[in-house]
Amino acid sequence: MPFIEHVSYTDLERLALDRFVPALLSHGFCYVDGFLGDLVGSAVLDQVTEMHRAGELQDGRLAGSVPGISRRSIRGDKTAWVGGSERGCEAISFLLNLIDRLVSVCASRLGNKAIRERSKAMVACYPGNGAGYVKHVDNPNQDGRCLTCIYYLNKNWNPKEHGGILRIFPEGKPYVADIKPLFDRLLVFWSDRRNPHEVQPSFSTRYAITVWYFDSDERAKAKKRFRDLTASSAEQGSSSG
Ligand SMILES: O=C(O)CCC(=O)Nc1cc2ccccc2cn1
Ligand SMILES: [Mn+2]
């Protein structure tokens, strides 16, 4: 059996191995431009703008409502959750399939991560009224989310005029990363406390699609903790009831 000189990797695998894996291991985040190309990227944008026009994007929810503080002052996005098989989401589904393949190539090289499942896709729109998203960590308490992947859809975005920068504050690093939400840009970062981030006030309509990939072990433990929590609170309820 002759030694194989080189295994021909697809562009996607090259992207994963040469760009995303090294950057995630050293900086904790990585983004690439031209992920889908203009034609397919524009098809995704058209489907998202149609969802917005059709009123399918609703105010983003907060974990707990804080009396006296408007939700909008914390996060001003409007969102819709998409599985990908809905009618009119074919281009979004293609995007999700590509990100799935990218992450699965990365997963085997990102240490002991068993990344086998993900959330639905969250289509988000900041309406451009100055709303943003205050500094936060996506997964501060081991809920299972391991990687955050955000695909941006904003053509001719000028931060000086439109704001809307995603600022990441990488834990323990002496710098911040200012990321423009540019059309056809894919950003991936660790969802945990390594990457606090904020969306600065946006003054033009700002679209993005986010998916979270789970570490199956952490996810299973989180689900068990939740089951035990609900079981014990139900017991307390019945005993005190
Ligand atoms: O659009 C961007 O550049 C990032 C916005 C962002 O951080 N969104 C976001 C949205 C979330 C929705 C539900 C739960 C947690 C969440 C964490 N982050
Ligand atoms: Mn976030």
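- Named according to an unreviewed UniProt entry, the protein chain is hypoxia-inducible factor-proline dioxygenase originating from Kryptolebias marmoratus.
- Recorded under Subcellular location (unreviewed entry), the UniProt text for the protein chain is reproduced unchanged: "Nucleus".

### Comments concerning the coordination of the manganese ion (ligand 2)
Right, on to step 1. Distances from the manganese ion (ligand 2) to its protein donors, namely His136 (NE2), Asp138 (OD) and His197 (NE2), fall within the range 2.1 to 2.2 Å.
Right, on to step 2. Each donor residue of the manganese ion (ligand 2) lies on the same chain, and together they follow the pattern H-x1-D-x58-H. Taken together, the positions of aspartate 138 in the loop between β6 (133-136) and β7 (145-152) and histidine 197 in strand β11 (residues 197-199) put the pair 59 residues apart, joining distant regions of the chain. For the pair formed by aspartate 138 and histidine 197, the shared burial category is buried.

### Remarks on the site of ligand 1
Right, on to step 1. Near ligand 1 there are 14 residues, and of these His136, Asp138, Tyr152, His197 and Arg206 occur at the shortest range.
Right, on to step 2. Contact distances for ligand 1 include 3.0 Å between a nitrogen atom and a side-chain N or O atom of histidine 136.
Right, on to step 3. One of the side-chain nitrogen or oxygen atoms of arginine 206 is found 2.8 Å away from an oxygen atom of ligand 1.
Right, on to step 4. Protein chains shield 87% of the accessible area of ligand 1, which is 430 Å² for the free molecule.
Right, on to step 5. Going through the elements one at a time, β5 (121-126), β6, β7, β11 and β12 (206-215) are the ones with two or more residues in the shell around ligand 1.
Right, on to step 6. Sorting elements by how many residues they give to the shell around ligand 1 places β7 first, with 3 residues.

### Considerations on the sheet that holds β11
Right, on to step 1. An order of β6-β11-β8-β9 is seen for the 4 strands of this open sheet, with the pairing classed as antiparallel. Sheet topology places β6 and β9 (177-179) at the edges, where each strand pairs with a single neighbour. Averaged over all pairs of adjacent strands, the angle between their axes in this sheet comes to 15°, without regard to strand direction.
Right, on to step 2. Of the strand pairs in this sheet, β6 and β11 are connected by 2 bridges, and their pairing is antiparallel. Its bridge partner lying in β11, histidine 136 is registered against histidine 197.

The rules we used
- Residues numbered from 1 in each chain as written.
- Chains lettered and ligands numbered in written order.
- Predicted model: local features only at pLDDT ≥ 70, side-chain atom pairs only at ≥ 80, totals over all residues.
- Heavy atoms only, no water.
- UniProt positions renumbered as here; feature names shortened; annotations may be inferred.
- Donors = N, O, S within 2.8 Å, 3.2 Å for Na, K, Ca; no water.
- Helix = DSSP H or I, 4+ residues; strand = E, 2+ residues; numbered from the N terminus.
- Buried < 20%, exposed > 50% of the residue type's maximum accessible area, 1.4 Å probe, protein only.
- Near = heavy atom within 4 Å.
- Polar contact = N/O pair within 3.5 Å; in protein donor to acceptor, adjacent residues only side chain to side chain.
- Areas by Shrake-Rupley, 256 points an atom, 1.4 Å probe, with all protein chains shown as cover.
- Pairing = 2+ DSSP bridges.
- Axes fitted to C-alpha atoms, helices over the stretch in contact; angles between N-to-C directions.

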